[in-house]
Structure formats: C-alpha cells, structure tokens
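Below, each chain spelled out in residue letters.
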Amino acid sequence: VSPPEITKAEKQGFSAPDASWFRNETKNYVERLVVADGALIHSLVNPDAIRSITGEHMEGERNQRLTIWSLLNVEQWLQNSVS
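Residues numbered from 1 in each chain as written. Predicted model: local features only at pLDDT ≥ 70, side-chain atom pairs only at ≥ 80, totals over all residues. Heavy atoms only, no water.

Q: Now, about the packing of helix α2 (residues 27-35) against helix α3 (residues 47-58): what can you tell me, with residues and values included?
A: Interhelical geometry of α2 versus α3 gives an angle of 170° and a closest axis separation of 11 Å. What the angle tells us is that α2 and α3 run roughly antiparallel. For the pair α2 and α3, the contacting residues are Lys-27, Val-30, Glu-31, Val-34 and Val-35 in the first and Ile-50, Arg-51, Thr-54 and Met-58 in the second. Of the residues assigned to the contact of α2 with α3, the class counts are five nonpolar, one polar and three charged. (Axes fitted to C-alpha atoms, helices over the stretch in contact; angles between N-to-C directions. Helix = DSSP H or I, 4+ residues; strand = E, 2+ residues; numbered from the N terminus. Parallel < 35°, antiparallel > 145°, perpendicular 65-115°, else oblique. Contact = heavy atoms within 4.5 Å. Nonpolar A, V, L, I, M, F, W, Y, C, P; charged D, E, K, R; others polar.)

The following block contains the structure:
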C-alpha cells in the first residue's frame, strides 16, 4: 500500500533526459543500440542520419537528446517486437 502523499498527489509530467545524457557513460549504450551495424532501426532510418545526429550530440555541437531518446525507444520496440 502506497502512502497518501503519493497516491493522492497531483499528476506530474515526465521529461526525457537532459542534454548530459547520451554523452560520457551512456555514449557506448547509444552506439551499441542504434549506431552499430545490425541495429533494426536502420531499416526505418538512414544509418548515416543516425550517426550524424548522435555525433552532433556527443560532440556538443547540437542538443539532440530528444531525437536520440526517440531512436532508442523505437529500436527497443523493434527488438521486442521481432523476438
């Protein structure tokens, strides 16, 4: 049973990761999931476009966190749907 301050609390939104995500520790995860050869999302999105988007973000040229977040979710959905 959850405490009333949780169950009676007003709903609040959920935001995607901030700009620091998908750099540093999670960089390898992104590369492994959506950049590497064999990613299922490559059948839907041009791999060069994915490399460009992730590269811009990881190099700090442009904040692409929301796009990367979407790519990761689509890839995960594809992996779960195919298996």
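That shown, we press on.
Q: Can you tell me about the nonpolar core, naming the residues and giving the values?
A: In terms of nonpolar packing, the biggest core is built from 14 residues, with Val-30, Val-34, Ile-41, Ile-50, Ile-68 and Leu-72 touching the most fellow members. Sorting the residues of this core by element identifies α2, α3 and α4 (65-82) as the ones contributing at least two each. Excluding its chain neighbours within four sequence positions, the residues that come into contact with Ile-41 are Val-34, Ile-50, Leu-71, Val-74, Glu-75 and Leu-78. (Core = buried A, V, L, I, M, F, W, Y, C linked by side-chain atoms within 4.5 Å. Buried < 20%, exposed > 50% of the residue type's maximum accessible area, 1.4 Å probe, protein only.)

Q: Before we move on, could you go through α2 and cite the residues and values that matter?
A: Restricting attention to buried positions, one finds in α2 the residues Val-30, Leu-33, Val-34 and Val-35. Buried residues of α2 fall within an arc of 150° about the axis and therefore sit on the same side. Every exposed residue of α2 that faces more than 90 degrees away from the buried side is listed here: Asn-28 and Arg-32. Each element contacted by the buried residues of α2 is listed here: α3 and α4. (Arc of directions from axis to C-beta.)

Q: Run through the environment of Gln-64, naming residues and quoting values.
A: Assignment of secondary structure puts Gln-64 in the loop between α3 and α4. Measuring from C-alpha to C-alpha, the distance between Gln-64 and Phe-22 comes to 9.2 Å, with 42 residues separating the pair along the chain. Ignoring any residue separated from it by four or fewer positions in sequence, one finds Gln-64 in contact with Ile-53, Glu-56 and His-57.

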